[in-house]
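Listed below, chain by chain, are the residues.
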Amino acid sequence: MSAGMKLVVEDLRKDYHRQARRRGEDDKPALDGVSLAIEDGAFFTLLGPSGCGKTTLLRCIAGLEIPDGGEIRLGDRILFSSARGINVSPNRRNLGMVFQSYAIWPHMDVSENVAYPLTVRGRRGTYGRADIDRRVAELLDVIQIAHLAKRKATMLSGGQQQRLAVARALVMEPPVLLLDEPLSNLDTRLREDLRVELTRIQERLGVTSIYVTHDQAEALAMSSSLAVMRDGAIEQRGTPEELYDYPRTRFVASFLGAANLVEARVRSVDDRGADLYRFGAETVWGARFDAVGRVPFRPGDRVSAALRPEGVQVIPRAETGTDDAWSGAIESVQFLGDAVVYFVRLRDVLLRARSDRGGRRFAAGDAVRIELRSEACTLVAD
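Notes on the structure follow. Please read all numbers here as calculations on a predicted model, not as lab measurements.

Glancing now at the pairing of strand S20 (residues 367-372). As defined by bridge partners, strand S16 (residues 312-316) adjoins S20 across five bridges and the pair is classed as antiparallel. Bridged to Val312 within S20 is Leu372.

The phi dihedral of Gln144 is positive, around 65°, even though this residue is not glycine. Along the chain, the position of Gln144 falls in the loop between helix H5 (129-143) and helix H6 (158-170). If you check the backbone angles, Asp231 has positive phi at about 50° while not being a glycine. Secondary-structure assignment places Asp231 in the loop between strand S10 (225-230) and strand S11 (233-238). Residue Asp231 is classed as partly exposed on the basis of its relative accessible area of 37%.

Before going further, it helps to examine the sheet that holds strand S4 (residues 69-74). Read from one edge to the other, the open sheet built from five strands follows the order S2-S1-S4-S5-S6, with strand pairing classed as antiparallel. Strands with a single pairing partner mark the edges of an open sheet, and in this sheet they are strand S2 (31-38) and strand S6 (86-87). The sheet contact formed by strand S1 (residues 7-14) and S4 spans five bridges and is antiparallel. Paired with Leu7 across the two strands is Leu74, which belongs to S4. This element, helix H2 (residues 54-62), spans S1, S2, S4 and strand S5 (77-81) of the sheet and lies at about 115° to S1.

Among the nonpolar cores identified, the biggest contains 38 residues, and Val114, Leu139, Ile143, Leu164 and Leu170 are the most heavily contacted of them. Listing elements by their share of this core, those giving two or more residues are helix H4 (110-122), H5, H6, strand S8 (176-180) and helix H7 (188-205). Not counting residues up to four positions away in its chain, the partners in contact with Leu164 are Ile104, Val110, Asn113, Val114, Ile145, Ala153 and Leu156. Of all hydrophobic cores here, the second largest spans 28 residues; its members include Leu7, Leu12, Phe44 and Cys52.

Relative to the 18 Å expected for 13 residues at 1.5 Å per residue, H6 spans 19 Å between its end C-alpha atoms, a close match to the ideal helical length. Of all 13 residues that make up H6, ten are buried, and the element is covered over most of its length. Among all positions in H6, only Gly159, Gln162, Arg163, Leu164, Ala165, Val166, Ala167, Arg168, Ala169 and Leu170 are buried.

Before going further, it helps to examine H2. Across the nine residues that make up H2, a large majority, seven, are buried. Within H2 the residues assigned to the buried category are Lys54, Thr56, Leu57, Leu58, Cys60, Ile61 and Ala62. Phi turns positive one or two residues past the end of H2, at Gly63, with a value near 95°.

Where H6 contacts H7, the two axes come as close as 11 Å, and the packing angle between them is 20°. Taken together, the axes of H6 and H7 lie roughly parallel to each other. The crossing of H6 and H7 is right-handed. Across the interface between the two elements, Gly158, Gly159, Gln162, Arg163, Val166 and Leu170 of H6 pack against Leu190, Leu194, Glu197, Leu198, Ile201 and Leu205 of H7. Of the residues contributing to the contact of H6 with H7, the split by class is seven nonpolar, three polar and two charged.

Definitions and limits used
- Residues numbered from 1 in each chain as written.
- Predicted model: local features only at pLDDT ≥ 70, side-chain atom pairs only at ≥ 80, totals over all residues.
- Heavy atoms only, no water.
- Pairing = 2+ DSSP bridges.
- Helix = DSSP H or I, 4+ residues; strand = E, 2+ residues; numbered from the N terminus.
- Buried < 20%, exposed > 50% of the residue type's maximum accessible area, 1.4 Å probe, protein only.
- Contact = heavy atoms within 4.5 Å.
- Axes fitted to C-alpha atoms, helices over the stretch in contact; angles between N-to-C directions.
- Core = buried A, V, L, I, M, F, W, Y, C linked by side-chain atoms within 4.5 Å.
- Expected span 1.5 Å × (residues − 1).
- Parallel < 35°, antiparallel > 145°, perpendicular 65-115°, else oblique.
- Left-handed = near helix turned anticlockwise from the far one by under 90°.
- Nonpolar A, V, L, I, M, F, W, Y, C, P; charged D, E, K, R; others polar.

Structure below.
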């Protein structure tokens, strides 16, 4: 399978609501000047809530939507340019796409479904029968459904249909594979299994992949890099570790992981982080900046602090004998199987604290005190 080429999107715009805005309605563009570059062989995820523009962006790259402005390039080839009047048709872009509904042919068996794109080309003299059979057999082996080659598509399970859709998208050896929420119709256990399989397939074949999802667990588990989208724009992009550990806005902190967002005031700043006031003038804790060491705040600034639940430690209040701004009570408990989440009420704020299942257990109503780890606290823009 050939490796992909660098995909570049510049100032891409798509507006379904121009007429509505002329009537004074407040509808935002689906894409509002999106720019990004995706490296060869990356597994790149577009993450965001419904309506943020991620599927519109994917469809513009595929050629299924025509942008109102901007440019899309794949290597040295221009797929779309509003300035140059270029719009390559979807079938000539040679990109692979897996739809949410899979869109497989019900009257064909597995081999026929996978071979179909090649047989269409074969009628034009591009591929011979032996070449088609060889490619289909190799790909079914990679996708691990070779034993289903002669089974009708209607007799497949949801997970098998998903694999079939991926195989058909890859059979033409596309430079880029586009996946539009392909796991959303599957149950939780199967989704988790297929995340691993999709990642394995992508790594083995080395094809540049762009994956659309609203599921943060999928984005964190599968991506080499990702972008969080909001209101038709990219809010932040980076590796999963960078976005989780160093969110730059309240939206990213709250959407990617269950962050506690607490208002505070900066007491002091150095090149590594800051001390913050909270719960009264005498209560202070530490926070960090982003991964590149920005120092965007000054003493006295009002800020938001994103506290990851795993950085909030809960201890019995009886052990400290202290009743202060860090003291409170367990309001509720959620059992997650491998972990427990405590909702702790501290005066005017409710914090989530997460501990592994083997940690100390508390019940609703228990008097507790919390301790914070500064490495789990990041300053974000309001």
